[in-house]
Each structure stands twice: as C-alpha cells, then as structure tokens.
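What follows is the residue order along each chain.
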Amino acid sequence: AQTIHQWPVAEIKAVGSPLSLGCTIKGKSSPNLYWYWQATGGTLQQLFYSITVGQVESVVQLNLSASRPKDDQFILSTEKLLLSHSGFYLCAWSLRGDAEQFFGPGTRLTVL
Amino acid sequence: GQQVQQSPASLVLQEGENAELQCNFSTSLNSMQWFYQRPGGSLVSLFYNPSGTKHSGRLTSTTVIKERRSSLHISSSQTTDSGTYLCALCGGGSNAKLTFGKGTKLSVKS
C-alpha cells in the first residue's frame, strides 16, 4: 500500500527565516508529485509539480522553490519567509497526469 | 474568471435531510475529484469521477461533462457529515493541476 508522509506537522517561523518542508511517498515507483498551498480562508492552489527526479516545474510564483532529490521525496523551501507564506501546505502524488491525486496529511505553517 | 464554481457556499440541514452540492466548471475537464476537508485542513478523498455516476455509502457523485457540472449528493445527512466539501477539476496537461473550488460548508444539526 502507498503511504505519503509530510514533515513537520506544523511550524511556527519568523519572517525572514529559512524554511524546508518535506514529503515522502512509499510504495509507488516514479509517481508524479505536487505541492499545493492554502492560505487561511483561501482556495487550494497548486505551487509545483514534478514528473521525474531532479525535474520540478513552478506553477505559481510565491518566492518558494521545490526540489525532488529522490524518486520518493519532494522538498519545498525558501531562504526568506514572508508573512504571506503562512497557510497549509499539502503534498500529493498521482500515477500520471490525469489520474487521481492522493494527498498527504499536510503541514500548517505560521509565519510571525 | 474562476474556472470552478461551487454552490451553495454554505448549507444548513437538519439531520436526516439530503444535500446536493454543485460544482460547475468553465474549462475542459479531464477528471473531477471530490474531497472532504477536515477542520485541520487535511483532505479526505471522496470520489474520483471523470464522468458518470459513482456511489459510496450515502454519497453519490455525478459528473456530466457536456453540461460542465459535477454534483455530490449526501443522503440521510448526519451531524458527522458537517464540514467543508471541495471539488477539484483536473484539466490534464503535463502539470495535472487540480483547480479547486472555494468549497461548500455544510452544517448538519441534530
């Protein structure tokens, strides 16, 4: 069975500090991977997607970056957090582009 | 404009009543997913329904591509059904972006 794990569960960070959020998928080889973000009270939107290791495409510019260092790992990061980065971050995977997407438990980020 | 519109924005029911949640989309559809969003934010996948009708317990999802709509029907609602329901459209393409609606907030009272 496939499992998707996100870390940390929650973070409270200062404006201007760095950030790294992680996502790991087990039990599935070469999945498509996605990062989504939801501001408090806002609509979920896709930030990044990756079809293969080492290849990441940006969908929305939010002064964030993403990397896929391993087949089963997806990292979201920034060197300088903004207040506007606060929200809920979700990682997801699918077998292919038009297939069902499966979501992780998410990370709640609060930037103060 | 917004590609995915959900209605109603909120809905209050008495326990036992049925609910019909709508999702209308203005772009081409490759697939449609319905989710329940927990208060903490995590998503519970309810249906992956590119077209036609699917059933799961008291839930039914119907997607009609040519009418550009999808619906989620909840029969015999229970207080535990309370929460936010999201629909998400996948237009396909290399990014397989799910475009989410703003959600329907359902409250079921006993």
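As a starting point, this report considers the structure included with it. (Residues numbered from 1 in each chain as written. Chains lettered and ligands numbered in written order. Predicted model: local features only at pLDDT ≥ 70, side-chain atom pairs only at ≥ 80, totals over all residues. Heavy atoms only, no water.)

## Section: the environment of tyrosine 48 of chain B
Along the chain, tyrosine 48 of chain B turns up in strand β5 (residues 43–48). Exposure remark for tyrosine 48 of chain B: the relative accessible area of 19% places this residue in the buried category. C-alpha of tyrosine 48 of chain B to C-alpha of glutamine 33 of chain B: the two residues are 15 residues apart in sequence and 4.5 Å apart in space. Excluding residues that lie within four positions of it along the chain, tyrosine 48 of chain B makes contacts with Asp98, Ala99 and Glu100 of chain A together with Ser31, Met32, Gln33 and Lys54 of chain B. (Helix = DSSP H or I, 4+ residues; strand = E, 2+ residues; numbered from the N terminus. Buried < 20%, exposed > 50% of the residue type's maximum accessible area, 1.4 Å probe, protein only. Contact = heavy atoms within 4.5 Å.)

## Thoughts on the interface of chain B and chain A
Each partner contributes to the interface: chain B provides 22 residues, whereas chain A provides 19 residues. Buried surface at the junction of chain B and chain A, both sides included, amounts to about 1600 Å², of which 54% is carbon and sulfur. Connecting chain B to chain A are 0 salt bridges. Counting every contact that joins chain B to chain A gives 5 residue pairs in polar contact (both at pLDDT 80 or more). Where the side of chain B that touches chain A is concerned, the elements lending two or more residues are β4 (31–37), β5, β9 (83–90) and β10 (98–100) of chain B. When residues of the side of chain B that touches chain A are assigned to their parent elements, the largest contribution, 4 residues, is made by β4 of chain B. (Buried area = accessible area lost by both parts, 1.4 Å probe. Salt bridge = Lys/Arg side-chain N within 4 Å of Asp/Glu carboxyl O. Polar contact = N/O pair within 3.5 Å; in protein donor to acceptor, adjacent residues only side chain to side chain.)

## Here's the deal with the state of the cysteines
Residues and elements named next belong to chain A. What the rule picks out here adds up to 2 disulfides over all chains. The disulfide partner of cysteine 23 is cysteine 91, and the S-S distance across this bridge is 1.9 Å. Here cysteine 23 and cysteine 91 share a disulfide; its torsion about the S-S bond, -75°, makes the bridge left-handed. Highlighted residues: cysteine 23 in strand β3 (residues 19–26) and cysteine 91 in strand β9 (residues 87–94), separated in sequence by 68 residues. Residue classification places cysteine 23 among the buried positions, given a relative accessible area of 0%. (Disulfide = S-S within 2.5 Å.)

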